[in-house]
Amino acid sequence: MPERSMAKARERRDYERTATIISGALAVVGSSDLAMRGLTAAVRRTAKSPQQEIIADWLKNYTAPGNPGNTFFKNIRHLHPNVRKHFVAGMMANFFMRDPEYTEELLKERGISSPTAILISPSMRCNLRCVGCYAAEYDDEDDLTEDEVESIITQGEEIGSRVYVMLGGEPFVYRPLLNIIERHPQSVFMVFTNATMINDRVADRIVELGNVCPTISIEGGREATDARRGQGTYDRIMAAMDRLHERGAMFAFSATATSQNIEEITSNEFADLMVEKGAFYGWYFSYMPVGRDPDLSLMPSPQQRDQLRRGVMHIRNTRPLLVADFWGDGTLTGGCLSGGRKYIHINNKGDVEPCIFAHFATDNIKEKPLLDCLCSDFFKDLRRMQPFGKNLLRPCPIIDHPAIMKRVVERNNAYATHEGAESLLNELQPGLHTYAAGVREVLNPIWQNEMPWVHKWLDADPEYQRRKQRGADADRLADEAGDELVREVASR
């Protein structure tokens, strides 16, 4: 048997063993603190790397009596057994306990680790007409076929990727979605949805499958949500959350942070509402100047970036709700995830993009195998430059180091996958560099003075150590290029 095939078989066995151990612990974890200690001991037994051991230590502290994680994990007892077994145990096994030996085999053979998550937009269609969104322009002829989506997931599983994030448009508009998910019980699926199509039938199916977690988009309260998504949408979201909660489904929320809503979406009131409705975790994404009519003024200011980061930390430390800031938590991921380092995005046309926000590609999944797309010169070039800087609070090559995305796209002749995407590389560059300089001024002192714990985490990550010096060089070059452009614009 070829070396990678043997590693793949071992990886599957280890995944099943890990998921079984964790699932067994989760079945009784709500009963007592003794059972909680059993869960953390189970995670410790499956740890294979220094970083996984650090995760196990964090979990032990997070779930200690009196800490919010203790309540968080005890709340798991309210989930349907299918969900505990397939989504929760599967997610923990896939995200935190992946076999580093299998990853190293793929790295030696093809120069890439299997992505932790693969993002797929099978359709760009949507049942809503949100302000500034272009989904209404699409019809079903623009969708990926069921066979194409099936092939992407199967190819991903072949290289050890078992977390799939389904996007759109509105994923539940795509009729084959849940049937495809049913055929992949060892993978887990996060479905980013507006929730308005989650009726009783869909909610029942979600619990029956067990390996799917709706992630519900919300702008904050009723006024902000209805203003963006249409009158009555907020109430439909609340009803969908209730429907899922009653059945024991796991669901999360997703909030887009703008310069106008930071206070609302990080408030105690909003966090308490999400806990009350039954959400287990949530994602915060800063507004990105992509899509129709990008508006730099809607981006959280440099000061608001830090406000968002601190707000997310406050919620994690005080509420039984695991929340993540897609930029501010770059410290926990070793920097940017894009270009196949940890994730990729495949759009409805099959274009393989480095990131959901970077609408550029050199390859299409309809023309090349997934692994070949991951090994493209475009993605290799992007990965060579990661982590893009020493300060992991500034991880993004689009808004924190805009010269990098421009350079990599142009150097590899990547094509735009959506009308208007080129604005990131052209007319928006001066504004993005000014913004990046402001973020650097605010966040560099915080990185230097307030983040000593991060270095212990990163010192245990051999991949980060390999990339660190390249990141320092990229940081210096990007900042110098940005400063030069800012000075040029200012002198006009």
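See above for the structure.
Residues numbered from 1 in each chain as written. Predicted model: local features only at pLDDT ≥ 70, side-chain atom pairs only at ≥ 80, totals over all residues. Heavy atoms only, no water.

### Points about the overall build of the chain
Keep this limit in mind: Elements are defined by DSSP. Helices are runs of H or I of four residues or more, strands are runs of E of two residues or more, and each kind is numbered from the N terminus. Three exposure classes are used, based on accessible area relative to the maximum for each residue type with a 1.4 Å probe and protein chains only: buried under 20%, partly exposed in between, and exposed over 50%. Between two residues, a contact is recorded if the distance between any of their heavy atoms is within 4.5 Å. Calculation of accessible area relied on Shrake-Rupley with a 1.4 Å probe; when residues are assessed, cover is drawn exclusively from the protein chains displayed.
Looking only at helices and strands, the chain has 21 helices and eleven strands in total. Within the chain, the proportion of its 492 residues that are buried is 60%. Here the analysis covers contacts within the chain between residues at least 6 apart in sequence; of these, 74% occur between residues at least 24 apart. As displayed, the chain has an accessible area near 20100 Å², and 50% of this comes from carbon and sulfur atoms.

### Brief notes about the environment of Ala239
In this fold, Ala239 is placed in helix α11 (residues 233–247). You can call Ala239 partly exposed: its relative accessible area is 31%. Between the C-alpha atom of Ala239 and that of Thr196, which follows or precedes it by 43 residues, the distance is 8.8 Å.

### Some points on the sheet that holds strand β1 (residues 117–120)
Note the following rule: Note on pairing: two strands pair once DSSP finds at least 2 bridges between them.
In spatial order, the strands read β7-β6-β5-β4-β3-β2-β1-β8-β9; together these nine strands make up an open sheet with mixed pairing. Because the sheet does not close on itself, it has two edges, and the strands there are β7 (322–325) and β9 (352–353). In terms of strand pairing, strand β5 (residues 252–257) meets strand β6 (residues 281–286) through six bridges, oriented parallel. In the sheet register, Ala257 faces β6, and the bridge partner there is Ser286.

### Quick notes on the pairing of strand β3 (residues 188–193)
Two faces make up the sheet, and in a regular strand the side chains alternate between them. Here is the rule we go by: Classification remark: right-handed applies to a crossover when, strands pointing away from the viewer, the course from the first strand over the helix to the second runs clockwise.
Counted residue by residue, β3 has six buried out of six residues, so it is predominantly covered. Residue alternation in β3 divides its side chains into two sets, Val188, Met190 and Phe192 and Phe189, Val191 and Thr193, and both sets are buried. Judged from the four bridges that link them, strand β2 (residues 163–166) and β3 form a sheet pairing that is parallel. Within the sheet, the bridge partner assigned to Tyr164 lies in β3 and is Phe189. For the segment spanning β2, helix α8 (residues 177–182) and β3, crossover handedness is right-handed. Two strands pair when backbone bridges link them, and β3 and strand β4 (residues 212–217) are joined in this way by five bridges, in the parallel orientation. The residue bridging Phe192 from the neighbouring strand is Thr215, located in β4.

### Side note on the packing of helix α10 (residues 222–229) against α11
For clarity, the threshold we go by: Interaxial angles span 0 to 180 degrees and are taken between N-to-C directions of axes, which are lines fitted to C-alpha atoms, for helices over the stretch in contact. Just so you know how the angles are binned, under 35 degrees is roughly parallel, over 145 roughly antiparallel, 65 to 115 roughly perpendicular, and the rest oblique. Each residue gets one of three labels, nonpolar for Ala, Val, Leu, Ile, Met, Phe, Trp, Tyr, Cys and Pro, charged for Asp, Glu, Lys and Arg, and polar for the others, Gly among them.
Here α10 crosses α11 at 110°, and the two axes come no closer than 7 Å. One element, α10, and the other, α11, form an angle in the roughly perpendicular class. In contact with Arg222, Thr225, Asp226 and Arg229 of α10, α11 contributes Thr233, Tyr234, Asp235 and Ile237. For the contact of α10 with α11, a count of residues per class yields two nonpolar, two polar and four charged.

### Details of unusual backbone geometry
The step from Gly168 to Gly169 runs through a cis peptide bond, and the omega angle for that step is 15°. Each neighbour pair has its own omega, and for Gln386 with Pro387 the value is 15°, a cis peptide bond. Note on placement: Pro387 falls in the loop between α17 (377–385) and α18 (402–411). One non-glycine residue, Ala195, lies in positive phi territory at about 75°. Tracing the chain through its elements places Ala195 in the loop between β3 and α9 (200–209). Residue Asn413 is not a glycine yet carries a positive backbone phi of 50°. Note that Asn413 resides in the loop between α18 and β11 (415–416).

### Considering the nonpolar core
The criterion, for reference: Throughout, nonpolar core names a set of buried Ala, Val, Leu, Ile, Met, Phe, Trp, Tyr and Cys residues whose side chains join them through atoms within 4.5 Å.
Judged by nonpolar contacts, the single largest core of 129 residues is most densely connected at Phe253, Met274 and Tyr284. The residues contacting Met274, other than those within four sequence positions of it, are Ile218, Met238, Met241, Phe253, Ala279 and Leu321.

### Comments concerning the packing of aromatic side chains
Under the convention used in this document: Classification of ring pairs rests on two measures: the distance between centres of Phe, Tyr or Trp rings, Trp counted by its six-membered ring, which must be within 6.5 Å, and the angle between planes, read as stacked under 30 degrees, edge-to-face over 60 and tilted in between.
A full pass over the atoms with the stated rule returns 14 aromatic pairs. An angle of 90° between the planes, with centres 6.5 Å apart, marks the rings of Tyr281 and Trp283 as edge-to-face. Through successive ring pairs, a cluster of aromatic residues spans Phe192, Tyr281, Trp283, Phe285, Phe326, Trp327, Tyr343 and Phe357.

### Examining helix α19 (residues 429–450)
The criterion, for reference: Here the expected length of a helix is defined as 1.5 Å per residue gap, with one fewer gap than residues. The seven residues ending at a residue and the seven starting there each receive a fitted axis; the angle between those axes is the bend at that residue.
With 22 residues, α19 extends 30 Å from end C-alpha to end C-alpha; this agrees with the ideal 32 Å at 1.5 Å per step. Maximal helix bending in α19 amounts to about 30°, located at Leu443; proline Pro445 follows within four positions. What α19 keeps buried is the set Gln429, Leu432, His433, Tyr435, Ala436, Gly438, Val439, Arg440, Leu443, Ile446 and Trp447.

### A closer look at the environment of Gln260
The residue Gln260 is located in the loop between β5 and α12 (262–265) in this model. Look at Gln260 and you get exposed, because its relative accessible area is 67%. The spacing of Gln260 and Ala224 is 36 residues in sequence and 9.9 Å in space, taken between C-alpha atoms.

### Examining the environment of Met197
Inspection of the secondary structure assignment puts Met197 in the loop between β3 and α9. Overall, the relative accessible area of 28% leaves Met197 in the partly exposed class. Taking the C-alpha atoms as reference, Met197 lies 8.5 Å from Asn127; in sequence the two are 70 residues apart. For Met197, the residues in contact, after removing those within four places along its chain, are Asn127, Glu170, Phe172, Val173 and Val202.

### Considerations on the pairing of β4
Counted residue by residue, β4 has six buried out of six residues, so it is predominantly covered. Burial along β4 is two-sided: the face carrying Val212, Pro214 and Ile216 and the face carrying Cys213, Thr215 and Ser217 are both buried. Regarding the hand of the β-α-β motif, the stretch spanning β3, α9 and β4 is right-handed. Two strands pair when backbone bridges link them, and β4 and β5 are joined in this way by three bridges, in the parallel orientation.

### Some thoughts on the pattern of salt bridges
Rule in force here: A side-chain nitrogen of Lys or Arg and a carboxyl oxygen of Asp or Glu constitute a salt bridge if their distance falls within 4 Å.
For the structure shown, the criterion picks out 23 salt bridges. In this structure, Glu219 and Arg228 form a salt bridge, with 3.7 Å as the shortest nitrogen-oxygen distance. Take Arg228: its relative accessible area is 31%, and that puts it in the partly exposed class. Where Asp363 meets Lys368, a salt bridge forms, and the shortest distance between an N and an O atom there is 2.7 Å. With a relative accessible area of 37%, Lys368 lands in the partly exposed category.

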